[in-house]
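Overview (structure and organization)
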Amino acid sequence: MRRTLFLIVLLTILIGTASAATVTVGFSGDKADYTCDGSGDDVQINAALAKVAGTGGTVYLKSGTYIIGNTIKIGDSTTLTGDSNAVVKLKNNARWNIYVPLIENVGSKGNIKIHGFEIDGNYDYNKEHPKGEGSYYVLMLFQNIDNVQVYDMKLHNNAFDLMHFTRCTGVSVHDNIGRDQGHEFVWLDYCNGANIYNNDISIQVNAGIRAEASNNMKIHNNKIYATVNSGYTGIYVQSYDRNSPVTSVEIYNNNIYNTRNAGIYAVAYKYGVSSKNLDDKSQSTGLYIHDNVITNTGRTGTAPGGGISTAGFHNTIIEDNVIKDVNGNGISILYNKPALSYTGVIYNIRNNVITSPSGTAIKNYETSTHTVVTTGSSSPSSPSSSGSSAQNAEPTAKINSINPTSATKGTSVYFSGSGTDTDGTIDAYKWRSSINDQISTSASFSSSTLAAGTHTIYFSVKDNDGAWSKEVSSTLTISGATTPKASNQRPVVSITSISPSPAKVGSSVSFKGTGSDPDGKIARYVWKSSRDGWLSTSPSFSTSKLSVGTHTISLLVEDNDGTWTGTTRTLVIKK
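Note that the structure is a prediction, hence the values are computed from the model and not measured.

Cut-offs and rules
Residues numbered from 1 in each chain as written. Predicted model: local features only at pLDDT ≥ 70, side-chain atom pairs only at ≥ 80, totals over all residues. Heavy atoms only, no water. Helix = DSSP H or I, 4+ residues; strand = E, 2+ residues; numbered from the N terminus. Contact = heavy atoms within 4.5 Å. Phe/Tyr/Trp six-rings, centres within 6.5 Å; stacked < 30°, edge-to-face > 60°. Buried < 20%, exposed > 50% of the residue type's maximum accessible area, 1.4 Å probe, protein only. Lys NZ or Arg CZ within 6 Å of the ring centre and 35° of its normal. Core = buried A, V, L, I, M, F, W, Y, C linked by side-chain atoms within 4.5 Å. Pairing = 2+ DSSP bridges. Axes fitted to C-alpha atoms, helices over the stretch in contact; angles between N-to-C directions. Arc of directions from axis to C-beta. pLDDT = per-residue confidence, 0-100.

**Remarks on the overall build of the protein chain**
For the protein chain, the helix and strand inventory stands at two helices and 52 strands. Considering only residue pairs separated by 6 or more positions, the protein chain has 66% of its internal contacts joining residues 24 or more positions apart.

Next up, the structure:
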């Protein structure tokens, strides 16, 4: 009996070891599992990824340049890594369609890690689309999955986003270098629980970090800057959909400089309703911007530009930032959509050092009923006179126990946490899960309602001065029977007509588009202009507000499984 038990245990160990194997990809002479020749290397890389998909295994790229002609597809529970001088590079003249990325997920669960090597978008030989136009050549696209980590990567030289996440939970992007991108370094769209930190980001066309309709984010310790006459804003946070509220966004310890518009731009509004009153207090809350250094921003000279521009986030706190030598105001309230009403919104602005702005230190453009509380913020001749009150010590959180750490769906799990504060007391607690979002506001509690999957459990505490601690985390696995989901087919989209084309500025232009889904239905339409941004979320609409110039009009459709497809057409607006 003992021998049988020993053999069972040994076999289990061996099977577990095999399931988490490392598969190597290299070139002739590397003694790799898959051998490439520098042409069409996506075939070998994809074969290696398919072999380890869903097993917790790793694909390792050995030194050399891998030329790819098709998308690299990474499955669930997979790590893609490699030597620091391993380079994945798009082939010359790829001629890919819109929203075809160099790397994308093909599973529906996630638990993906990508780290350690370099990706070259090879824009020099794929210039059929200008940078920032139409979502061409995204380096990485992740949709509808949990727990994605991208770190220690060098990403550069492409036409659109370096990384784009749509409806993902538990995104971690850190310690990467981003250069020469055509749009954002990272764009988060309808995501939850993102942590973006320690990245070195040089922006050329749009923003460094952009988050739309995304919650529970931390953006911190990044260096974000623009070269001469390039870039737009350092960090751009946006809430625009009442059905997708934005809460708990913390932006801190970032060093932002030389951007053409504001260093940090955080606005809450809803497209297409500028003629209506919109109380955003129920939609956008908990924006906390602190301890950032913002220098020489707002270089376009477009008012208000400057350091920080924000609108519509209720209970906003902007404190302990150093804002210097900016073109425009140091801090501006409400600029992006002045026609909207933000009645009752409270802004707390305190203890900021604002040095030598070309405009006003703190400028309020808001006209509706609201509250702005300013304490200690100043515009001194030197930074030495900052603030008027002592710095509050940040509290510390601790997860005492999660028991058990592996459970079956429906069974009870016990959580216990505590906090300490050197200059006060602990007043509040917050637990959240990477899958279930917020799960409790008690120090200790039990739950039997957690979803199946691997949870990252986050815990934080708040002191009596209103400061929240840094989150601490632990892992919890909830097992349960799941039904595999069939592979989703992409929806089909078409721009039926844009009329008239070309058109005169101020005249009405009509847009019509269609979308269909072979295995479902269309859930959302989005029209965008390369010059004027978002236009509509209806299949057909008209507008007379387009600016003069050549517009690339994009129509994107999303199916009921969360997969996007897009198409573009050119429209010229004449004077």
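**Quick notes on the packing of aromatic side chains**
The geometry of an aromatic ring pair is captured by the separation of the ring centres together with the interplanar angle, meaning the angle of the planes. One pass over the structure, following the stated rule, counts 14 aromatic pairs. Ring geometry for Tyr 236 versus Tyr 265: centroids 5.6 Å apart, planes at 75°, classification edge-to-face. Taken together, the residues Tyr 236 in strand E23 (residues 233-239) and Tyr 265 in strand E26 (residues 264-268) connect sequence positions 29 residues apart. Tyr 265 shares its class with Tyr 236; the two are buried. Its guanidinium or amino end placed over the ring of Trp 187, Arg 210 lies 4.2 Å from that ring's centre, counting from NZ or CZ.

**Comments concerning the nonpolar core**
With 88 residues, the main nonpolar core has Leu 61, Ile 114, Met 140, Phe 142, Phe 165 and Leu 188 as its most contacted residues. Here this core gets four residues from one element, more than from any other, and that element is helix H2 (residues 42-52). With near-sequence residues (within four places) excluded, Leu 188 lies in contact with Phe 165, Val 171, Ala 194, Ile 196, Arg 210, Ala 211, Glu 212, Ser 214 and Met 217.

**Observations regarding the sheet that holds strand E17 (residues 186-189)**
Here 11 strands make up an open sheet; going across it, the order is E5-E8-E11-E14-E17-E20-E23-E26-E29-E32-E35 and the pairing parallel. In this open sheet, the two edge strands, each paired with only one partner strand, are strand E5 (72-74) and strand E35 (362-364). Ignoring strand direction, the axes of neighbouring strands in this sheet form an average angle of 10°. Relative to E26, E23 is paired through five bridges, and the arrangement is parallel. When the bridges of E26 are listed, Ser 239 appears paired with Ala 268.

**A closer look at the pairing of strand E24 (residues 246-252)**
Here E24 lies mainly inside the structure; five of its seven residues are buried. Here strand E21 (residues 217-220) runs beside E24; their pairing, made up of four bridges, is parallel. Its bridge partner lying in E24, His 220 is registered against Tyr 252. Here E24 runs beside strand E27 (residues 284-290); their pairing, made up of six bridges, is parallel.

**Examining the sheet that holds strand E42 (residues 444-447)**
The strand order across the open sheet built from three strands is E37-E39-E42, with neighbouring strands paired in antiparallel fashion. Looking along the sheet, the strands with just one partner apiece sit at the ends: strand E37 (396-403) and E42. Averaged over all neighbouring strand pairs, the angle between strand axes comes to 20°, with direction disregarded. When strand E39 (residues 413-420) meets E42, the two strands line up antiparallel, connected through four bridges. Bridging from a neighbouring strand, Phe 415 pairs with Phe 445 of E42.

**Some thoughts on the environment of Ile 112**
Looking at the secondary structure, you find Ile 112 in strand E9 (residues 110-115). Taking the relative accessible area as the measure of exposure, Ile 112 reaches 1% and is therefore buried. Distance from Ile 112 to Asp 76, taken between C-alpha atoms, is 6.2 Å for residues 36 residues apart in sequence. Not counting residues within four places of it along the chain, the set of residues in contact with Ile 112 comprises Ile 74, Gly 75, Thr 78, Asn 105, Phe 142, Ile 145, Asn 147, Val 148 and Gln 149.

**A look at unusual backbone geometry**
Here Ser 499 and Pro 500 are connected by a cis peptide whose omega angle stands at -5°. Relative to the elements of secondary structure, Pro 500 occurs in the loop between strand E45 (492-499) and strand E46 (503-504). A cis amide bond, omega 0°, links Ser 501 with the succeeding residue Pro 502. Note that Pro 502 resides in the loop between E45 and E46. At Asn 144, a position not held by glycine, the phi torsion is positive, near 60°. Structurally, Asn 144 can be placed in the loop between strand E11 (140-143) and strand E12 (146-151).

**Some thoughts on the side chain of Glu 184**
In this fold, Glu 184 is placed in the loop between strand E16 (177-179) and E17. Setting aside chain neighbours within four positions, we find Glu 184 in contact with Phe 160, Asp 161, Leu 162, Asn 206, Ala 207, Gly 208 and Arg 210.

**As for the environment of Val 23**
Looking at where Val 23 falls in the secondary structure, it is placed in strand E1 (residues 22-27). You can call Val 23 buried: its relative accessible area is 4%.

**A short note on H2**
When we look at burial in H2, the residues that qualify are Asp 42, Ile 45, Asn 46, Ala 48, Leu 49 and Val 52. The arc enclosing the buried residues of H2, seen along the axis, measures out at 160°, which places them on a common side. H2 presents Val 43, Ala 50 and Lys 51 as exposed residues on the side facing more than 90 degrees away from its buried surface. Structurally, H2 contributes buried residues whose contacts are with E1, strand E2 (34-36), strand E3 (58-61), strand E4 (64-68), E5 and strand E6 (78-82). Looking one or two residues beyond H2, the residue adopting positive phi is Gly 54, at roughly 80°.

**Looking at the confidence of the model for the protein chain**
Averaged over every residue, the pLDDT of the protein chain is 82; residues scoring 70 or more account for 84%. Per-residue pLDDT stays below 50 along residues 380-391; that stretch engages in 19 contacts with residues further than four places along the chain or on separate chains.

**Here's the deal with the environment of Thr 169**
Along the polypeptide, Thr 169 turns up in strand E15 (residues 169-174). Once the C-alpha coordinates of Thr 169 and Asn 216 are considered, the two residues, 47 residues apart in sequence, prove to be 9.9 Å apart. With sequence-adjacent residues up to four places away left out, Thr 169 is seen in contact with Ile 145, Asp 146, Asn 147, Asn 192, Ser 434 and Ile 435.

**Considering the pairing of E39**
In this structure, E37 lies alongside E39, joined through seven bridges in antiparallel fashion. Bridging from a neighbouring strand, Ile 399 pairs with Gly 417 of E39.

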